[in-house]
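Summary of the model geometry
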Amino acid sequence: MSPTGQTLHVLPGTFVVDRLPVGSPVPPGEWLSLVRGTDGLTVVRPAADGDGPERWRALEGRSAHDLDLPGMLLAVIRPLSEAGLPIFVASTFAADVVLVPAERLDEAARLLEGAGHEVRRDA
(Lines give C-alpha, C1' and ligand atoms only; values in the text may rest on other atoms or scores of the structure.)
Protein backbone atom coordinates (compact mmCIF):
# COMPACT_ATOMS: atom_id res chain seq x y z
CA MET A 1 0.00 0.00 0.00
CA SER A 2 1.22 3.46 -0.88
CA PRO A 3 0.86 6.48 1.41
CA THR A 4 -0.56 8.50 -1.46
CA GLY A 5 -4.14 8.17 -2.59
CA GLN A 6 -5.70 7.20 0.73
CA THR A 7 -9.46 7.16 1.30
CA LEU A 8 -10.58 9.26 4.25
CA HIS A 9 -14.05 9.10 5.76
CA VAL A 10 -15.58 12.12 7.49
CA LEU A 11 -17.06 10.91 10.77
CA PRO A 12 -20.49 12.25 11.71
CA GLY A 13 -20.80 14.99 14.29
CA THR A 14 -18.34 17.34 15.89
CA PHE A 15 -15.78 16.64 18.58
CA VAL A 16 -13.95 18.41 21.39
CA VAL A 17 -10.49 17.70 22.78
CA ASP A 18 -10.26 17.70 26.58
CA ARG A 19 -7.08 17.64 28.64
CA LEU A 20 -7.55 16.22 32.11
CA PRO A 21 -5.00 16.25 34.95
CA VAL A 22 -2.59 13.41 35.67
CA GLY A 23 -4.35 10.58 37.49
CA SER A 24 -7.83 11.46 36.21
CA PRO A 25 -10.16 8.50 35.82
CA VAL A 26 -11.51 7.60 32.40
CA PRO A 27 -14.55 9.83 31.95
CA PRO A 28 -17.96 8.21 31.54
CA GLY A 29 -19.78 8.41 28.24
CA GLU A 30 -18.64 8.12 24.66
CA TRP A 31 -15.22 9.07 23.39
CA LEU A 32 -13.35 8.66 20.13
CA SER A 33 -9.83 8.58 21.53
CA LEU A 34 -8.33 8.35 24.98
CA VAL A 35 -4.59 8.74 25.59
CA ARG A 36 -2.94 8.76 29.00
CA GLY A 37 0.44 10.49 28.90
CA THR A 38 2.86 11.91 31.41
CA ASP A 39 1.05 15.26 31.13
CA GLY A 40 -2.43 13.89 31.86
CA LEU A 41 -5.34 12.34 30.03
CA THR A 42 -6.34 13.53 26.56
CA VAL A 43 -9.91 12.74 25.56
CA VAL A 44 -11.43 13.27 22.12
CA ARG A 45 -15.18 13.01 22.53
CA PRO A 46 -18.39 14.01 20.78
CA ALA A 47 -19.27 17.64 21.41
CA ALA A 48 -22.15 18.29 23.77
CA ASP A 49 -24.33 21.25 24.62
CA GLY A 50 -22.40 23.57 26.89
CA ASP A 51 -18.99 22.78 25.40
CA GLY A 52 -16.89 25.74 24.31
CA PRO A 53 -16.83 26.99 20.75
CA GLU A 54 -13.78 24.99 19.62
CA ARG A 55 -15.23 22.09 17.63
CA TRP A 56 -13.41 19.61 15.44
CA ARG A 57 -14.42 17.35 12.55
CA ALA A 58 -12.74 13.99 12.16
CA LEU A 59 -11.40 12.32 9.03
CA GLU A 60 -10.61 8.64 9.48
CA GLY A 61 -8.24 6.73 7.25
CA ARG A 62 -9.54 3.17 7.30
CA SER A 63 -6.85 1.65 5.12
CA ALA A 64 -5.31 -0.85 7.50
CA HIS A 65 -1.56 -1.04 7.01
CA ASP A 66 1.48 -2.45 8.70
CA LEU A 67 2.82 -0.23 11.46
CA ASP A 68 6.22 -0.13 9.82
CA LEU A 69 4.93 1.36 6.55
CA PRO A 70 6.37 4.89 6.55
CA GLY A 71 4.61 8.00 5.35
CA MET A 72 0.93 7.05 5.73
CA LEU A 73 0.07 9.76 8.24
CA LEU A 74 2.53 12.24 6.76
CA ALA A 75 0.82 11.98 3.37
CA VAL A 76 -2.41 13.19 4.99
CA ILE A 77 -1.14 15.86 7.36
CA ARG A 78 1.46 17.42 5.06
CA PRO A 79 -0.99 19.22 2.71
CA LEU A 80 -3.03 20.43 5.69
CA SER A 81 0.02 21.66 7.58
CA GLU A 82 1.54 23.36 4.53
CA ALA A 83 -1.70 25.33 4.14
CA GLY A 84 -1.58 26.42 7.80
CA LEU A 85 -4.57 24.33 8.83
CA PRO A 86 -4.55 23.30 12.51
CA ILE A 87 -4.74 19.55 13.07
CA PHE A 88 -4.98 17.09 15.94
CA VAL A 89 -4.20 13.43 15.36
CA ALA A 90 -5.34 10.30 17.17
CA SER A 91 -4.09 6.94 16.00
CA THR A 92 -5.28 3.41 16.61
CA PHE A 93 -3.64 0.16 15.68
CA ALA A 94 -5.44 0.09 12.33
CA ALA A 95 -6.38 3.69 11.57
CA ASP A 96 -5.39 7.32 11.89
CA VAL A 97 -7.96 9.97 12.74
CA VAL A 98 -7.10 13.53 11.73
CA LEU A 99 -9.18 16.27 13.32
CA VAL A 100 -9.51 19.70 11.75
CA PRO A 101 -11.43 22.76 12.95
CA ALA A 102 -15.10 22.15 12.16
CA GLU A 103 -15.47 25.39 10.21
CA ARG A 104 -12.55 24.41 7.95
CA LEU A 105 -13.67 20.90 6.97
CA ASP A 106 -14.46 21.88 3.38
CA GLU A 107 -11.05 23.51 3.02
CA ALA A 108 -9.36 20.40 4.44
CA ALA A 109 -11.27 18.17 2.01
CA ARG A 110 -10.18 20.32 -0.96
CA LEU A 111 -6.55 20.23 0.18
CA LEU A 112 -6.61 16.47 0.67
CA GLU A 113 -8.29 15.84 -2.67
CA GLY A 114 -5.73 18.13 -4.33
CA ALA A 115 -3.02 15.93 -2.82
CA GLY A 116 -4.54 12.82 -4.40
CA HIS A 117 -6.69 11.53 -1.53
CA GLU A 118 -10.39 10.68 -1.65
CA VAL A 119 -12.63 12.24 1.00
CA ARG A 120 -15.94 10.49 1.63
CA ARG A 121 -18.71 12.04 3.65
CA ASP A 122 -20.67 8.81 3.95
CA ALA A 123 -19.51 7.77 7.42
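Refer to the structure printed above.
Every chain is numbered independently, its residues counted from 1 as its sequence is written. Totals for whole chains, interfaces and linings use all residues, but because this is a predicted model, local features are given only for residues with pLDDT of at least 70 and pairs of side-chain atoms are given and counted only at 80 or more. The basis for every side-chain value is the complete set of heavy atoms in the structure, and neither hydrogens nor water enter the calculation.

A word on helix 2 (residues 105–114)
Using a 1.4 Å probe on the protein chains alone, a residue whose accessible area is under 20% of its type maximum counts as buried, one over 50% counts as exposed, and one in between counts as partly exposed. Secondary structure elements follow DSSP: runs of H or I of four or more residues count as helices, runs of E of two or more count as strands, with numbering from the N terminus. Looking at helix 2, one finds that the buried residues are L105, A108, A109 and L112. Buried residues along helix 2 cover an arc of 100 degrees about the axis, so they all sit on one side. Residues of helix 2 that are exposed and point over 90 degrees away from its buried face: R110 and G114. Note on helix 2: the residue one or two positions beyond its end, G116, has a positive phi of about 95 degrees. Working note: the arc is built from the helix axis to C-beta atom directions.

Looking at the pattern of salt bridges
Each salt bridge in this description consists of a side-chain nitrogen of Lys or Arg and a carboxyl oxygen of Asp or Glu lying within 4 Å of one another. In total, this model carries seven salt bridges according to the counting rule given. The salt bridge partner of E107 is R104, with a shortest N-O separation of 2.8 Å. The shortest N-O distance in the salt bridge between R121 and D106 comes to 2.9 Å. With a gap of 15 residues between them, R121 in the segment after strand 8 (118–120) and D106 in helix 2 connect regions that are remote in the sequence. Because the salt bridges share partners, they merge into one network encompassing D18, R45 and D51.

Description of the pairing of strand 7 (residues 96–101)
Taken across its six residues, strand 7 has six buried, putting it largely inside the fold. Where strand 5 (residues 56–61) lies against strand 7, six bridges are found, and the strand directions are antiparallel. Residue pairing across strands places G61 opposite D96, the latter belonging to strand 7. Strands pair, by our definition, only if DSSP identifies at least two bridges between them. Two elements, strand 6 (residues 88–91) and strand 7, share four bridges in a ladder whose sense is antiparallel.

Some details on the environment of L59
Summarising the element assignment, L59 is placed in strand 5. Distance from L59 to L99, taken between C-alpha atoms, is 6.2 Å for residues 40 residues apart in sequence. Ignoring sequence-local partners within four residues, the contact set of L59 consists of L8, H9, V10, D96, V97, V98, V100, L105, L112 and V119. We call two residues in contact whenever any of their non-hydrogen atoms come within 4.5 Å of each other.

Quick notes on the side chain of R45
Considering the arrangement of structural elements, one finds R45 in strand 4 (residues 40–46). Any pair of nitrogen or oxygen atoms within 3.5 Å is treated as a polar contact; in protein, a donor-acceptor pairing is required on top of that, and neighbouring residues in sequence qualify only through side-chain atoms on both sides. Here D18 takes part through its side chain, which lies 2.5 Å from a polar atom of the side chain of R45. A distance of 2.8 Å separates a polar atom in the side chain of R45 from a polar atom in the side chain of D51. Residues contacting R45, with those up to four places away along its chain left out, are T14, F15, V16, D18, E30, W31, L32 and D51.

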